[in-house]
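Structural overview
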Amino acid sequence: MLLPESIQSLITALERLPGIGPKSASRLAFYLLRASEDVAQDLSVALANLKANTAFCQECFNITEAGRERCEVCESPKRDGAVVCVVEEALDVLALERTGGYQGKYHVLQGVLSPIEGIGPDDLKIKELVARVANGEIKEVILATNPSMEGDATALYLQTQLKQYGVHVTRLARGLPMGGDLEYADQNTLLRALSGRQEMS
Amino acid sequence: MPKFRSFRADSVVLRHSDWGEADRLLTLYTREQGKVRALAKGARKVTSRKAGHIEPFTHVTLQLAKGRDLFIVTQAETVNAFLGLRDDLVKTGYAAYILELLDRFTYEEEGPNPSLFRLLIESLERVEKESDAWLAVRYYEMRLLDFLGFRPQLFECANCGREILPEDQFFSFTAGGVICPRCGQGLPNLHLISLEALKYMRHFQRSSYRDASRARPILEARAEQGQSIQKETEVLMQGYFTYLLERELNTPGFIKRVKP
């Protein structure tokens, strides 16, 4: 063994991260070795806290701080409990929050249906969503899964599951993106952009 | 491997996965090269010009360039998006089943197989068009086995070689065919196959799709018997595939969950 045990073990640990190969791993390890004490210290504290101090909100299944029953959004009195936006991942909540234009609550599925990967309804937080809707407070469910084959399949499945409760089920609009190009748009997007066209006023 | 740095590929997208910051890694079945993997750069950006063309199930013409170790998608234009497969969960499931079987049975760099490519396109069209996917899927399975060299022996006993008589038989995964009742007595791991189910399987093996689809009215006329035959062939074929692939398939479980 050319390298001391402690460096080698850090390299091995870093290599397991996505997108980091053996070269990048050794580069990072040696950077940390040479950098001032507090860089490594901060990183180690942050890593230790990552798992210990996070948990899932028991209402919407977004990530929240450990020890809390519900996340900030679910607890906030300003939020409209009658509207729920269903997203695939916690990062999607972040994207929607950044717009500042949504005042309802969320539901994080923690994944998406995928027939090819064998991910079925039981692997997602679908039962929990149906239970929330069955409680009766919710009037509208906005399906904000990604506009992909998997996202559409998930939306379709949720629609069939929610139909019986008489809630208003909507899907995010699909159309041409900002800075896009009509010439390169695919049929699916163009067809939906056409059928969802809006009056100019 | 292609001689040119860049080439056109008539392809169907079998599956996709996220790659790097905003890229997507595609598994394609192409007419020109058989199965290949290609990287679609920037396909997860909202303004991507390719993203909509490279969803799973899509029949698409791609321009592929040889990258360092993967092909890179430089242009994409949809031939058929099979939109009908996306508005119906059960059809989505069956289309995914068709893709999964092909993905599991083929390998990269094994070369092109144009008839298999044509079968794939035709089967997706049939599942999209027809209200019940059973016939299209069973026909696809039978033909797929043919093209891959796993054609089951349905006319002679796979053990003694004698002609199969019109009666209920056994089916052996290991022997890859039907075993007559006389040989079947002492052999382990056999599956019963009814005379009716065998008739359909033989029909699919020998006939064109158009002839095979004429067989369906019989199924519909006697609904109850028809359904049990449908179920029997489905279970048998899936068992055979699991044996050949040495692994359970993902999509049948999904289809079962979403079927009303």
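Residues numbered from 1 in each chain as written. Chains lettered and ligands numbered in written order. Predicted model: local features only at pLDDT ≥ 70, side-chain atom pairs only at ≥ 80, totals over all residues. Heavy atoms only, no water.

**Some thoughts on the interface of chain B and chain A**
Counting from both sides, the interface comprises 28 residues of chain B and, opposite them, 25 residues of chain A. Note on chain B versus chain A: buried area summed over both sides is about 2300 Å², and carbon and sulfur give 62% of it. Contact with chain A buries surface across chain B, with Arg49(B), Phe254(B) and Arg257(B) losing the most and accounting together for 24% of the total. In this structure, the salt-bridge partner of Glu117(A) is Arg15(B), at a minimum N-O distance of 3.0 Å. Where chain B packs against chain A, one counts seven residue pairs in polar contact (both at pLDDT 80 or more). Elements that contribute at least two residues to the side of chain B that touches chain A include exactly β1 (6-19), β5 (71-80), α1 (89-105) and α9 (251-258) of chain B. Ranked by residues supplied to the side of chain B that touches chain A, first place goes to α1(B) with five residues. Per-class residue counts for the side of chain B that touches chain A are 12 nonpolar, eight polar and eight charged. (Contact = heavy atoms within 4.5 Å. Buried area = accessible area lost by both parts, 1.4 Å probe. Salt bridge = Lys/Arg side-chain N within 4 Å of Asp/Glu carboxyl O. Polar contact = N/O pair within 3.5 Å; in protein donor to acceptor, adjacent residues only side chain to side chain. Helix = DSSP H or I, 4+ residues; strand = E, 2+ residues; numbered from the N terminus. Nonpolar A, V, L, I, M, F, W, Y, C, P; charged D, E, K, R; others polar.)

**Quick look at the sheet that holds strand β6 (residues 168-171) of chain A**
Residue and element names in this part refer to chain A. The strand order β4-β3-β5-β6 describes an open sheet built from four strands, whose pairing is parallel. For this open sheet the edge positions go to β4 (104-108) and β6, each flanked by a neighbour on one side alone. The mean inter-strand angle of the sheet, taken between neighbouring strand axes irrespective of direction, is 25 degrees. As defined by bridge partners, strand β3 (residues 80-87) adjoins β4 across five bridges and the pair is classed as parallel. Pairing of Asp 80 across the sheet is with Gly 104, part of β4. Across the sheet, helix α5 (residues 90-99) lies against β3 and β4, angled at about 160 degrees from β4, the strand it touches most. Contacts from helix α7 (residues 149-162) reach β3, β5 (140-143) and β6, with the element oriented near 175 degrees to β6. (Pairing = 2+ DSSP bridges. Axes fitted to C-alpha atoms, helices over the stretch in contact; angles between N-to-C directions.)

**Focus on the domain arrangement of chain A**
Under the domain assignment used here, chain A contains domain 1 (5-51) and domain 2 (78-199). For domain 1 of chain A versus domain 2 of chain A, the separation of C-alpha centres amounts to 37 Å. (Domains from an automatic or database assignment.)

**A look at the domain arrangement of chain B**
All names here are of chain B. What the domain assignment reports for chain B is domain 1 (6-81) and domain 2 (84-258). Using C-alpha coordinates to define each centre, domain 1 is positioned 30 Å away from domain 2. Taken together, the contact between domain 1 and domain 2 spans 23 residues of the former and 21 residues of the latter. Roughly 1800 Å² of surface becomes buried between domain 1 and domain 2 when both sides are summed, with 61% attributable to carbon and sulfur atoms. When the buried area of domain 1 at its contact with domain 2 is split by residue, Tyr 29, Lys 35 and Phe 57 rank highest and sum to 45% of it. Between the two partners, domain 1 and domain 2, sit three salt bridges. Among the secondary structure elements, those contributing two or more residues to the side of domain 1 that touches domain 2 are β1, β2 (23-30) and β3 (34-40). No other element matches β1, which puts six residues into the side of domain 1 that touches domain 2. Residue classes in the side of domain 1 that touches domain 2 are distributed as eight nonpolar, eight polar and seven charged.

**Focus: the pairing of β6(A)**
Pairing analysis gives four bridges linking β5(A) to β6(A), with the strands arranged parallel. Paired with Leu143(A) across the bridge in β6(A) is Arg171(A).

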